[in-house]
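Residues per chain, in single letters:
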Amino acid sequence: MTHAVVSAPPLDLDRLGAWLQAQVPTFHGLRNAQRLVGGNSNPIWQLRADSGRYILRTQPAGELLKSAHALDREFRLLTALHGGAVPVPKIHVLCNDLEVVGVQFYLMDFIEGVVHRHVALPELPIGCRRAVYGAAIDALAAIHCSDIDALGLADFGRPGNYFERQFHRWRQQYRTAMPEGDAEMERLIAALERTMPHGGHPVVLLHGDSRLDNLMFAADVEAAPRVIAVLDWELSTLGHPLADLGQFLAVQELPADYLLPGLAGVDRAGQGLPSEAELRERYFRAMGESPVADLRFFKAFAMFRQAAMSAGLRRRAALGTAVAESALHFGNTMAVFARVGLDILDRPD
């Protein structure tokens, strides 16, 4: 969820344009490329060409952590989902030839819409904020209801022990990025080990980074909030559905004065925002399931994972593979995520 700017590869427009024109029959006449805000860990560009507007998503420049920034997985997933119940942009081509721009990238259609960057939705009238959250929850349920066999995604991730595997992965990433350790993060790791659920669980397609600002809404959002594209699938896999729900709910518990403001201490009802209980109820109703009473582990785990990502961002800043000032600023806030995770575990659900 870190929105610091990562270091982008330089684009040779002549070379890129020639490659795209040779690979995509409908593409021709590349004019310019504009770097866009967002693309948390993978830079994104808007391309303007004689044939229209497109989005280019690239890996960042420089050294990458193992298994991070895997655009080939995103490409496979978006290709499988396009045209189905989960709205995604049409994707055109994946490039693994590092001679073109120096990193892996893919090209997809540009979609005109609105992305809400602030969970309090201050840019919208109070009367339509609840409906925006309702549409977001419905989009999450649509992802989890996807038929992974019919989509050819049954091997998109390992089916069992989701949290054990994810815990090992992100703990390792955190300790690789920050070998000196952090006391608060270590306390959160120990608490998660004590409370981790074991045994069988449903296996669904996970977005992996479920947040409001990874959704694009139709421009007439005030009339009828409608999700027209689910974005940023870098962390998608197969796993436990409550990992996504926990993520969606946990980021709202960040402090209201944090760099990426949450809703802690905000009068949700007074601001026209649904309570967590309302969001839970809508999700489980859409899934046709009985509500899970205690979501503390799932929300705290989401905060742990965000903290590990922040540690990785700090490492990239130190290595010079991210714009140092902004990346280091966000990377140094790892403790915020760890503290919120511990607070979630410490209080009654």
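To be clear, the structure that these remarks concern was listed above.
Residues numbered from 1 in each chain as written. Predicted model: local features only at pLDDT ≥ 70, side-chain atom pairs only at ≥ 80, totals over all residues. Heavy atoms only, no water.

## Digging into the overall build of the protein
In terms of regular secondary structure, the protein is built from 11 helices and 9 strands. Taken over 349 residues, the protein has a buried fraction of 55%. A separation threshold of at least 6 residues defines the contact pool for the protein, and within that pool the share at least 24 residues apart is 72%. When the accessible area of the protein is evaluated, it comes to approximately 14600 Å², of which 52% is carbon and sulfur surface. (Helix = DSSP H or I, 4+ residues; strand = E, 2+ residues; numbered from the N terminus. Buried < 20%, exposed > 50% of the residue type's maximum accessible area, 1.4 Å probe, protein only. Contact = heavy atoms within 4.5 Å. Areas by Shrake-Rupley, 256 points an atom, 1.4 Å probe, with all protein chains shown as cover.)

## Remarks on the sheet that holds strand S5 (residues 105-109)
Taken together, 5 strands build an open sheet; the order of strands is S1-S2-S3-S5-S4 and the sheet is antiparallel. The outermost strands of the open sheet, each flanked by one partner alone, are strand S1 (30-35) and strand S4 (91-95). Direction aside, the axes of adjacent strands within the sheet are offset by 25° on average. Alignment of strand S3 (residues 52-58) against S5, held across 5 bridges, turns out to be antiparallel. Bridge pairing in S5 places Ile-55 opposite Met-108. Of the strands in this sheet, S1, strand S2 (44-49), S3, S4 and S5 are in contact with helix H1 (residues 13-23), which crosses S1 at around 115°. (Pairing = 2+ DSSP bridges. Axes fitted to C-alpha atoms, helices over the stretch in contact; angles between N-to-C directions.)

## Concerning the pattern of salt bridges
Following the criterion strictly, the structure yields 19 salt bridges and no others. Taking the shortest distance from any N to any O, the salt bridge between Glu-193 and Arg-171 comes out at 3.1 Å. Of the two residues, Glu-193 sits in helix H6 (residues 183-195) while Arg-171 sits in helix H5 (residues 162-177), which places them 22 residues apart along the sequence. Its salt-bridge partner being Glu-281, residue Arg-285 comes within 3.5 Å of it at the nearest N-O pair. With a gap of 4 residues between them, Arg-285 and Glu-281 both fall in helix H8 (residues 276-287), about one helical turn apart. Salt bridges here are not isolated pairs; linked through shared partners, they connect Glu-253, Glu-276, Arg-280, Lys-299 and Arg-347. (Salt bridge = Lys/Arg side-chain N within 4 Å of Asp/Glu carboxyl O.)

## Details of the side chain of Thr-237
In this structure, Thr-237 sits in strand S9 (residues 237-239). With relative accessibility at 12%, the residue Thr-237 sits in the buried group. With near-sequence residues (within four places) excluded, Thr-237 lies in contact with Arg-73, Phe-156, Gly-157, Tyr-162, Val-204, Leu-205 and Leu-206.

## Topic: the packing of aromatic side chains
Two aromatic rings are characterised by how far apart their centres lie and by the angle between their planes. For the structure on display, the rule yields 13 aromatic pairs. An aromatic cluster is present here, built from Tyr-162, Phe-163, Phe-167, Phe-297, Phe-298, Phe-301 and Phe-304 joined pairwise through their rings. Positioned above the aromatic ring of Trp-45 is the side chain of Arg-35, whose terminal nitrogen or guanidinium carbon lies 5.8 Å from the ring centre. The ring of Phe-156 has Arg-73 lying over it, and the distance from NZ or CZ to the ring centre is 3.9 Å. (Phe/Tyr/Trp six-rings, centres within 6.5 Å; stacked < 30°, edge-to-face > 60°. Lys NZ or Arg CZ within 6 Å of the ring centre and 35° of its normal.)

## Structural notes on unusual backbone geometry
At Leu-121, a position not held by glycine, the phi torsion is positive, near 50°. Secondary-structure assignment places Leu-121 in the loop between S5 and helix H4 (126-144). Residue class for Leu-121 comes out buried when judged on its relative accessible area of 0%.

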